[in-house]
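If you want the building blocks of each chain, they are given just below.
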Amino acid sequence: MRNILIWLFAVMPSISMAQPLSVYDLRCENLTAPLGIDNAIPHFSWKNKAGRNGAAQTAYQIEVASDSLMLVKGHADIWRSGRVKSSQSVMVAYDGTPLHSNDLCYWRVRTWDEHKQVSEWSQATRFSIGPLEPSAFAGQWIGLSKEAADITSPILKKNVTIDGTAQTFVRVTSLGYHELYVNGHKVGNGVLQPAVSQLDKRSLIVTYDVTPYIHNGTNELRLWLGIGWYKGTVTRTEYEGPLVKADMIVRGKQEWKVVAQTDESWTGRPSGYHDLGTWLPLQFGGERIDGDEAANDTRWYKTAVVNTEGRVATPQMCEANRVIDRLKPVRMFRQDSLVVFDFGRVITGWLSLDMKGLRHRQKISMTYADWLHDGRFESYGEHDEYI
């Protein structure tokens, strides 16, 4: 009997001193704080962290609110799940007030462990509903007018007057790639947006939170476009250059208001980047960059509104491409008239060169390959030019 009592005394303190779970890595539709998802019944996921073996989630509680401060104060005006007995922590379906296009929501979760100890509330995070129907996404498809001659990689711009600094989003879909700039600053760290889709049937809408970039008064929006996969050799096209559709919406007390959209009032100019190659096998080409044209920000042309019937635009439901590393060559050597830079691995990315002492209009050619044939560099039709 004495041995049993001693054993119970030794074990009970370890149970009472067990730390509750902690909740982290919140996801909505398997994405981190996504803006503009493609459905009104989102699914929530999270991870539990424990400082001991054998810990298990036995229940959870989710709260969703229309304002982050309300949520932190416990005023979840959109959904309170209550305590749900479940070990589920992946793709838990929303079951609150019906959601609609443009709704911006904040959510948090807490969990209970096998000892009925409740965790602290997780950090609050957010998600928003994208345009679920065509009427929820304003704007026309536009491209740079053909009077500009070189329209394969234009910069389009529009000045927008905003009263105040309320929550502001810009939604963009493009046939070809795009980058968004507000008041001279690139928005977000995504590159080659949007993700690849079957462009003769679907384009993907990317939602950007531009609130940190705007100010009260006049704000400049710029969209830098690249033709990408929107080529007649690989898909159906309606125009010789890339096209874009976008709008800017500002959050009011009751609803979102459209304050800008793509139409014929936008202007544009060549960016100095020109697409090379056909994108057929071994003819992908690259870009020709004209330094003089890239720096010329004085001459602007009209934009053209283009009919793109037969396509649907839907929210992008994947993480953006982004730069994940910066590499330096592991060796450099000369081969005939070439200077070869070996990066030691196959990559997808861009080459950055710091060149000094160039003559005006001097052309620099860069050619790429993913291996050396018998130690010699051989081109496979991928090249860039800088003038």
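See the structure printed just above.
Keep in mind that this is a model prediction, so the values were computed, not measured.

Q: Would you explain the environment of W350 in this entry?
A: Position of W350 among the secondary structure elements: in the loop between strand 26 (338–342) and strand 27 (364–368). Separated by 27 residues in the primary sequence, W350 and V323 place their C-alpha atoms 9.6 Å from one another. Those residues within four positions of W350 in sequence are excluded, and the remaining contacts are V191, L192 and V323.

Q: Help me understand the side chain of T235, please; the structure alone is not making it clear to me.
A: Inspection of the secondary structure puts T235 in the loop between strand 16 (217–226) and strand 17 (243–251). Looking at T235, the relative accessible area reads 14%, which means it is buried. Within the structure, T235 has its side chain in polar contact with the backbone nitrogen of D200 (distance 3.4 Å). Contact partners of T235, with chain neighbours within four places excluded, come to L199, D200, W229 and Y230.

Q: In this structure, what is going on with the environment of S86? I would like to understand it.
A: Looking at where S86 falls in the secondary structure, it is placed in the loop between strand 5 (84–85) and strand 6 (92–93). In this structure the C-alpha to C-alpha distance between S86 and G381, which are 295 residues apart in sequence, comes to 56 Å. Discounting chain neighbours no more than four positions away, the residues touching S86 are Q57, T58, A59 and Y60. Polar contacts involving the side chain of S86 include one to the main-chain amide nitrogen of Q88, which spans 2.9 Å.

Q: Looking at this structure, how should I read the sheet that holds strand 21 (residues 287–289)?
A: Strands in a sheet are paired, the pairing made by backbone hydrogen bonds, and the direction either parallel or antiparallel. Spatial ordering of the open sheet is given by 20-21-30-27, a layout of four strands whose pairing is mixed. Looking along the sheet, the strands with just one partner apiece sit at the ends: strand 20 (273–275) and strand 27. When the angles between neighbouring strand axes are averaged without regard to direction, this sheet yields 15°. Both strand 20 and strand 21 contribute to a ladder of three bridges, which runs antiparallel. When the sheet's bridge partners are listed, H274 is paired in strand 21 with R288.

Q: When you look at a nonpolar patch on the surface in this model, what are you seeing that I'm missing?
A: A surface patch of nonpolar side chains, about 570 Å² in accessible area, is lined by M332, V339, F341, L351, L353, M355 and L358. Looking at the element boundaries, L351 is found in the loop between strand 26 and strand 27.

Q: Explain the sheet that holds strand 1 (residues 22–28) here, please?
A: Judged by pairing direction, the sheet is antiparallel, and its three strands sit side by side in the order 1-2-6 without closing on themselves. For this open sheet the edge positions go to strand 1 and strand 6, each flanked by a neighbour on one side alone. As defined by bridge partners, strand 1 adjoins strand 2 (residues 43–49) across five bridges and the pair is classed as antiparallel. Across the sheet, the residue bridging to R27 is S45, located in strand 2.

Q: Explanation requested: the layout of surface pockets in the structure shown.
A: Gaps left between atoms show up when a probe the size of a water molecule is rolled over them. By volume, the second largest pocket is sized at about 650 Å³. Put simply, the parts of the chain that give the lining of the second largest pocket at least two residues each are strand 12 (177–182), strand 14 (190–191) and strand 15 (202–209). With five residues, the top contributor of residues to the lining of the second largest pocket is strand 15. Partitioned by chemical class, the residues of the lining of the second largest pocket number 14 nonpolar, eight polar and six charged.

About the thresholds
Residues numbered from 1 in each chain as written. Predicted model: local features only at pLDDT ≥ 70, side-chain atom pairs only at ≥ 80, totals over all residues. Heavy atoms only, no water. Helix = DSSP H or I, 4+ residues; strand = E, 2+ residues; numbered from the N terminus. Contact = heavy atoms within 4.5 Å. Buried < 20%, exposed > 50% of the residue type's maximum accessible area, 1.4 Å probe, protein only. Polar contact = N/O pair within 3.5 Å; in protein donor to acceptor, adjacent residues only side chain to side chain. Pairing = 2+ DSSP bridges. Axes fitted to C-alpha atoms, helices over the stretch in contact; angles between N-to-C directions. Patch = residues over 30% accessible without salt bridge, like charges linked within 9 Å, V, L, I, M, F, W, Y side chains within 5 Å. Areas by Shrake-Rupley, 256 points an atom, 1.4 Å probe, with all protein chains shown as cover. Salt bridge = Lys/Arg side-chain N within 4 Å of Asp/Glu carboxyl O. 1 Å grid on protein atoms, 1.4 Å probe; cavity = no way out; pocket = protein on both sides within 12 Å on 5 of 7 lines; lining within 4 Å. Points joined across faces, edges and corners; volume = space filled by probe spheres on them. Nonpolar A, V, L, I, M, F, W, Y, C, P; charged D, E, K, R; others polar.

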